[in-house]
Amino acid sequence: MDNNPLEDLSLADRIQELMTSPVIEEVFNSVEREIFEEWITSADSNKRESLYHEFSGMQRFLKRVRAHMDNATLIRSRK
């Protein structure tokens, strides 16, 4: 039987530990601010589009990471 990584509590615990680290939070916030500032101040439409996709990709990544943490919380509540 394949192990679903979304139901792997040890993986979720490690993800949560990393993502709640003040250092990691500051890194993500800093990168997010940097991309956003560059996006809104760029005069080049191609660069703005590229930065928009980069920002969107980062948001998608963070959404998936949060889903891992939320799933772990849900799994624990069922036990």
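Below is a short write-up of the structure. (Residues numbered from 1 in each chain as written. Predicted model: local features only at pLDDT ≥ 70, side-chain atom pairs only at ≥ 80, totals over all residues. Heavy atoms only, no water.)

### With respect to the packing of helix H1 (residues 9-19) against helix H3 (residues 45-78)
Between H1 and H3, the least distance of the axes is 9 Å, while the angle of their chain directions is 125°. It follows that H1 is oblique to H3 by the angle criterion. The two elements H1 and H3 cross, and the hand of that crossing is left-handed. Between H1 and H3, the residues in contact are Leu-9, Leu-11, Ala-12, Asp-13, Ile-15, Gln-16 and Met-19 and Leu-62, Val-65, His-68, Met-69, Ala-72, Ile-75 and Arg-76, respectively. Taken together, the residues of the contact of H1 with H3 sort by class into 10 nonpolar, 2 polar and 2 charged. (Axes fitted to C-alpha atoms, helices over the stretch in contact; angles between N-to-C directions. Helix = DSSP H or I, 4+ residues; strand = E, 2+ residues; numbered from the N terminus. Parallel < 35°, antiparallel > 145°, perpendicular 65-115°, else oblique. Left-handed = near helix turned anticlockwise from the far one by under 90°. Contact = heavy atoms within 4.5 Å. Nonpolar A, V, L, I, M, F, W, Y, C, P; charged D, E, K, R; others polar.)

### Digging into the nonpolar core
Judged by nonpolar contacts, Ile-15, Met-19, Ile-35, Leu-51, Met-58, Leu-62, Val-65 and Met-69 together constitute the single largest core of 8 residues. If you list the elements that add at least two residues to this core, you get H1 and H3. Tallying contributions element by element places H3 first for this core, with 5 residues. Each residue touching Leu-62, except ones within four places of it in the same chain, is listed here: Met-19, Phe-28 and Glu-32. (Core = buried A, V, L, I, M, F, W, Y, C linked by side-chain atoms within 4.5 Å. Buried < 20%, exposed > 50% of the residue type's maximum accessible area, 1.4 Å probe, protein only.)

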